Structure formats: structure tokens, C-alpha cells
Amino acid sequence: MGLGHNTKLLLCFFGIFGCYFYYGVVQEKITRGTYGAENERFYYTMFLVFCQCIINALFAKGILLVTDSPADKTPAHLSFICGVTYVGAMLASNASLKWVNYPTQVLGKSCKPIPVMILGVLLAGKRYNIMKYLSVLLIVIGVALFMYKDGKSDGSGFSFGSGEMLLLTSLTLDGLTGVSQEKMRGYGMKAHYMMLMMNLSALVVMSLSLLATGEIWQAVAFCSKHPEIVPEIITFGFASALGQNFIFITVSEFGPLMCSIMTTTRKFFTILGSVVLFGNALATRQWIGTAVVFTGLVLNDRFGKSVKLEKP
């Protein structure tokens, strides 16, 4: 007997939540830890993403071999576009940290469901009822209220610079990734084919970037000097692969918009969990944000059904 709709959705949510929680722990250990007697730091994040994509692709290929899945007929260019936009969004978001602080980046990326929804309507033929738009808007506003960090203003007012432009670019590419995934779903592409092809396409971009910057040689030299980091990188990659497994099941079964809502609210539920478990205090604004998020989630569940995607 197959799993029910809500059961499968909950399984995917907790799978994403658990895998990426551990993923974050290992990532912090790698990027903020020190290695060797000289306490050297590992700064090669592009190489880390490259290794992550390799393990993701191997994992997906292994699942396809074990399950003996039939050949996929989705046009290769869709997979390539999806991989390029996925990596581009990640690189633009990371690069924005040179100009904006981390809370600003988190707030910006909390808006991810909006471009996924808008570009899905404009470019992928998706149609949503008014309650879907309202519920997604409430979730985004609630997460932004919850994640916003109060700070002293420098009196200079708002300015739109390089960091904000990179965040806008990242969000646009997130939306285009969603469009590609919707079109791939229209061809009946299954989760692990989608995962495999996207990561292979991403590897092309990452390989060119690593060779162009020379980072690959620096990272390999670091790993040779400090081999104890290699098992950590492999563990990091497997945590990513398991998380992507649930992400692509979500995309395949429920669509990229639902996936973006789940990944957007993940940090929100992580912090809220710490409040429940450890009694950490929340500001009034955060309680309001919590209420807004749950209102949006309830409305989305009850009334936010989208029409079926038309076959290409």
C-alpha cells in the first residue's frame, strides 16, 4: 500500500529538515574549524559544492540502478538549464555576503517562493487560485518577520548596491530553476532522474569555475596536507545527497513551489524548535511572525490548491 498524500509530504518535510540540519552542522565544522598545528582554515567553498554535486549525482545514479528505472525522455536542455540556474543561484547568494550581512541574505532568500510562483505562472503555465497567492505571501512575510534581526541604523537609509543586486539575481535564478523543474515534471521526469541530471549539469559549471579560478588546485593541496578533512567532506556530501533525495521527491510529487515553501520555513522551524526545547525567548515581532506563518500554512493546506500543469 502506497503512502498517502499528507504522509508522504510530512515524510519529505522531516527528511529535508533532519538531513539539512546535520548538513549545516558538518558544513560549519568544515568551514569554521581549524586543521593541523598551524590551525589552518578551509576557505574553498566552491570546491566543497563541487564535491557535494559529485556525491549527489552518484547517489541518484545508484538509486536508479537499484530500482531499475525506465529510460527518461525529458529533453536534455531542460536538465542543463536547471543545473545552471541552480548553481548560479547558489553562487550569487554566497557572493552577496561580500556586500550584505548574513541576516540580510536570509531575509532576501526567504522571499524565494515568490519568484518561483510568479515565473511559474509566466513561463511554465501554472495557475493558482487567489488563496494560494495569499497563503504564500503570508508565509514569506511571517518568515521575514521571524528572521529579521533588530539593529542600529547607520542613518544612511536604504541603498540598492552590488549585494542587493546579487540577491535579486539569486532569487530570479531560483524562479527559473522552478520553471525548469515544472517543465521536467510535465514530461513525467522522476525524482532521481531530475536529481542526477541537475547535478551533472551543475558539475559542468562548477568544473569550469574551479579551473578558471584555480581554486581546485588549492583545495586539493589543502586536502593532501590535511587528509583528516576528507571524511568530513564525504559525510557532508552524503548529508546533501540524502537531503536532495527528499527535495526532489517533493519537487516531483508536489511541485517546486511546495518545495520552496518547505525549504524557506525550515530555518523558521529550526529556531522555533529551539524555543520549545530550550526555552529561548522570542521577541513580540517573532511571535507575530510565527502566527502569520502558521496562518499561511493552514490556508495553503485548506484552500491553496493549484490547477494541474498542462502537458508540454
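Just above, that's the structure.
Values in this document were obtained by computation on a predicted structure and should not be read as measured data. (Residues numbered from 1 in each chain as written. Predicted model: local features only at pLDDT ≥ 70, side-chain atom pairs only at ≥ 80, totals over all residues. Heavy atoms only, no water.)

Peer 1: What exactly am I supposed to notice about the overall build of the protein here?
Peer 2: The number of helices and strands found in the protein is 12 helices and 0 strands. If you list the helices and strands of the protein from N to C, you get α-α-α-α-α-α-α-α-α-α-α-α. The C-alpha atoms of the protein give a radius of gyration of 20 Å, which matches the 20 Å a tight globule of 312 residues would have. Expressed along its principal axes, the backbone C-alpha trace of the protein runs to roughly 60 × 60 × 40 Å. Looking at the protein residue by residue over its 312 residues, the buried ones come to 47%. (Helix = DSSP H or I, 4+ residues; strand = E, 2+ residues; numbered from the N terminus. Rg over C-alpha atoms; globule rule 2.2 N^0.38 Å. Buried < 20%, exposed > 50% of the residue type's maximum accessible area, 1.4 Å probe, protein only.)

Peer 1: Explain the packing of helix H3 (residues 76–96) against helix H8 (residues 191–213) to me, please; I cannot follow it from the model alone.
Peer 2: Between two packed helices, both the angle of their axes relative to each other and the distance between the axes serve to describe the pair. Contact pair H3 / H8: the axes reach a minimum separation of 7 Å and the direction vectors enclose 60°. For the element pair H3 / H8, the angle class is oblique. Handedness of the crossing formed by H3 with H8: right-handed. For the pair H3 and H8, contact is made by Ser79, Phe80, Cys82, Gly83, Val84, Tyr86 and Val87 and by Met197, Met198, Ser201, Ala202, Val204, Val205 and Met206, respectively. For the contact of H3 with H8, the class distribution of residues is 11 nonpolar, 3 polar and no charged. (Axes fitted to C-alpha atoms, helices over the stretch in contact; angles between N-to-C directions. Parallel < 35°, antiparallel > 145°, perpendicular 65-115°, else oblique. Left-handed = near helix turned anticlockwise from the far one by under 90°. Contact = heavy atoms within 4.5 Å. Nonpolar A, V, L, I, M, F, W, Y, C, P; charged D, E, K, R; others polar.)

Peer 1: What is the right way to read unusual backbone geometry from this model?
Peer 2: A negative phi angle is the norm for most residues apart from glycine, just as the trans form is the norm for most peptide bonds. A positive phi angle is found at Asn39, which is not glycine, with a value near 50°. Mapped onto the elements, Asn39 comes out in the loop between helix H1 (5–32) and helix H2 (45–67).

Peer 1: Before we go on, may I ask you to explain H3 in this structure?
Peer 2: In an α-helix, one turn spans 3.6 residues; hence positions three or four apart end up facing the same way. Relative to the 30 Å expected for 21 residues at 1.5 Å per residue, H3 spans 30 Å between its end C-alpha atoms, a close match to the ideal helical length. Taken together, the buried positions of H3 are Leu78, Ser79, Cys82, Gly83, Thr85, Tyr86, Val87, Gly88, Ala89, Ala92, Ser93 and Ser96. (Expected span 1.5 Å × (residues − 1).)

Peer 1: What am I meant to see in the nonpolar core here?
Peer 2: Within soluble globular proteins, side chains that are nonpolar generally end up buried alongside one another. The biggest cluster of nonpolar side chains holds 57 residues, and the ones touching the most others in it are Ile30, Phe42, Phe47, Ile229 and Ile233. Where this core is concerned, the elements lending two or more residues are H1, H2, H3, H8, helix H9 (215–225), helix H10 (229–254) and helix H11 (256–278). Per-element accounting of this core gives the leading share, 12 residues, to H2. Once residues lying within four places of it in the same chain are set aside, the contact partners of Phe47 are Phe42, Leu210, Glu215, Ile216, Ala219, Val220, Cys223 and Ile233. Ranked by size, the runner-up nonpolar core spans 18 residues in total, among them Val140, Phe146, Met147 and Phe268. (Core = buried A, V, L, I, M, F, W, Y, C linked by side-chain atoms within 4.5 Å.)

Peer 1: Teacher, can you tell me more about the packing of aromatic side chains here?
Peer 2: To describe a pair of aromatic rings, one takes the distance between the centres and the angle between the planes. Inspection of the entire model under this criterion finds 10 aromatic pairs. For the pair Tyr23 and Phe236, a centre-to-centre distance of 4.6 Å together with 25° between the ring planes defines the contact as stacked. Highlighted residues: Tyr23 in helix H1 and Phe236 in helix H10, separated in sequence by 213 residues. Both residues of the pair, Tyr23 and Phe236, count as buried. Both rings, one in Phe42 and one in Tyr44, keep their centres 5.3 Å apart while their planes meet at 90°; by these two values the pair is edge-to-face. Since its relative accessible area comes to 1%, Phe42 is described here as buried. Pairwise contacts between aromatic rings join Tyr35, Phe42, Tyr44 and Phe222 into one cluster. (Phe/Tyr/Trp six-rings, centres within 6.5 Å; stacked < 30°, edge-to-face > 60°.)

Peer 1: So what exactly am I meant to see when it comes to the environment of Met258 here?
Peer 2: Looking at the element boundaries, Met258 is found in helix H11. In this structure, Met258 is in contact with Leu9, Thr250 and Asn300, ignoring residues within four places of it in sequence.

Peer 1: I would appreciate a short explanation of the environment of Met262 in the present structure.
Peer 2: Locating Met262 in the fold gives a position in helix H11. What makes Met262 buried here is its relative accessible area of 5%. Along the chain, Met262 and Ser170 lie 92 residues apart, while their C-alpha atoms are 18 Å from each other. Dropping the residues within four chain positions of it, Met262 is found in contact with Leu9, Cys12, Phe13, Ile16 and Thr250.

Peer 1: Just to check I follow, could you spell out the pattern of salt bridges for this structure?
Peer 2: A side chain of one charge can pair with a side chain of the opposite charge if their charged atoms are brought near each other. Applying the stated rule across the entire model yields 8 salt bridges. For the salt bridge of Glu232 with Lys29, the shortest nitrogen-to-oxygen distance reads 3.7 Å. With a gap of 203 residues between them, Glu232 in helix H10 and Lys29 in helix H1 connect regions that are remote in the sequence. Glu232 sits in the buried class, given a relative accessible area of 15%. Linking Lys109 and Asp174 is a salt bridge whose minimum nitrogen-to-oxygen distance equals 2.4 Å. Separated by 65 residues along the polypeptide, Lys109 in helix H4 (residues 102–109) and Asp174 in helix H7 (residues 162–186) bring together distant segments of the chain. On the accessibility criterion, Lys109 (22% relative accessible area) is partly exposed. Exposure remark for Asp174: the relative accessible area of 10% places this residue in the buried category. By sharing partners, the salt bridges in this structure join Glu38, Glu40 and Lys225 into a single network. (Salt bridge = Lys/Arg side-chain N within 4 Å of Asp/Glu carboxyl O.)

This is a description of form; function is not addressed.
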